[in-house]
Amino acid sequence: MKAVITGASSGIGRCLAKHLSSLGYDICAVARNGDALDELKAEIATGYTAILLDLATIDSCHKLFDMLKNERIDIFINNAGCGVYGDFSATDLSREINMINLNITSLHVLTKLFSKKFLADGSGLIINVASTAGFMMGPLLSSYYASKAYVLRLSQAVDEELCRQNKNVRVSVLCPGPVRTGFDKAAGVGNSLGGHTPDFVAAYCIKKALKGKRVIIPGFGNKALVFFSRFVPSWILSKINYNIQRRKGNL
């Protein structure tokens, strides 16, 4: 058995690699931090391959696929992603475009390529990492929230299509709430609100994905948040989220 994880050098991706290894999967870890990939090798008990790539370009996505297209892969996880914090009128456009390329375009390309491969192979599981942010709007993280909405809805629709073609080819989408990783620091958020550990999120994700769960939301609080947000008018939800995000950034 073999699993490929993008963004595997830290956070949820690193924990997904370690957890899948504990279940007997050989690991192919993809990231742009070579030192962290080397460190991860010592924590993997099964076969391990590291691929040093920045997936924020379409060319790099095709390069990754070309390296793996002839291998037998059981699970492909689109985990690489980033965020940009601040007022939309003030945030750096180049950082936002890079985020969109990574969170949306690259994920789209890799989902397309590996779903076709899995159909040809007869089986396979894709796990796309979104967020509870994908269920709502997020002032001060507006582009990030919007990107995760794309990931969520694309994953749900593609899974329905694939399931009707071959029930052994599926797409699950992981939607965690706040997770204690380096995401907030990288996005420019000053004060994290805490959340689950990446180990908990990774273990829960794999458990549910292997059982065929389409939308995976770790934690009762996050499930309740998503459920009750459906009944809150969008303009009220937007104000609530603005105040939450403002506190995180001391704005």
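Structure report, in brief. (Residues numbered from 1 in each chain as written. Predicted model: local features only at pLDDT ≥ 70, side-chain atom pairs only at ≥ 80, totals over all residues. Heavy atoms only, no water.)

Now for helix α3 (residues 58-68). Looking at α3, one finds that the buried residues are Ser60, Cys61, Leu64, Phe65 and Leu68. The arc that holds the buried residues of α3, viewed along the axis, is 140 degrees, so those residues lie on one side. For α3, the elements touching its buried residues are β1 (2-6), β2 (26-31), β3 (48-52), β4 (75-78) and α4 (93-121). (Buried < 20%, exposed > 50% of the residue type's maximum accessible area, 1.4 Å probe, protein only. Helix = DSSP H or I, 4+ residues; strand = E, 2+ residues; numbered from the N terminus. Arc of directions from axis to C-beta. Contact = heavy atoms within 4.5 Å.)

Positionally, serine 155 belongs in helix α5 (residues 142-165). On the accessibility criterion, serine 155 (1% relative accessible area) is buried. Excluding residues that lie within four positions of it along the chain, serine 155 makes contacts with Asn128, Val171 and Val173.

What follows covers the nonpolar core. Membership of the largest hydrophobic core comes to 46 residues, with the highest contact counts inside it found for Val30, Leu64, Leu68 and Phe114. Within the residue set of this core, elements represented by two or more residues are β2, α3, α4, α5 and β6 (169-174). The leading source of residues in this core is α4, at eight residues. Apart from residues no more than four positions distant in its own chain, leucine 68 is found in contact with Val4, Cys28, Ile51, Ile73, Phe114 and Lys117. If you look at the next biggest cluster of nonpolar residues, it comprises 30 residues, including Val129, Ala202, Ala209 and Ile216. (Core = buried A, V, L, I, M, F, W, Y, C linked by side-chain atoms within 4.5 Å.)

Let us look at the pairing of β3. With five bridges connecting them, β2 and β3 associate as parallel partners. Bridging from a neighbouring strand, alanine 29 pairs with alanine 50 of β3. Since β2 and β3 lie parallel, the crossover through helix α2 (residues 34-41) that links them has a hand, and here it is right-handed. (Pairing = 2+ DSSP bridges. Right-handed = clockwise from strand over helix to strand, strands pointing away.)

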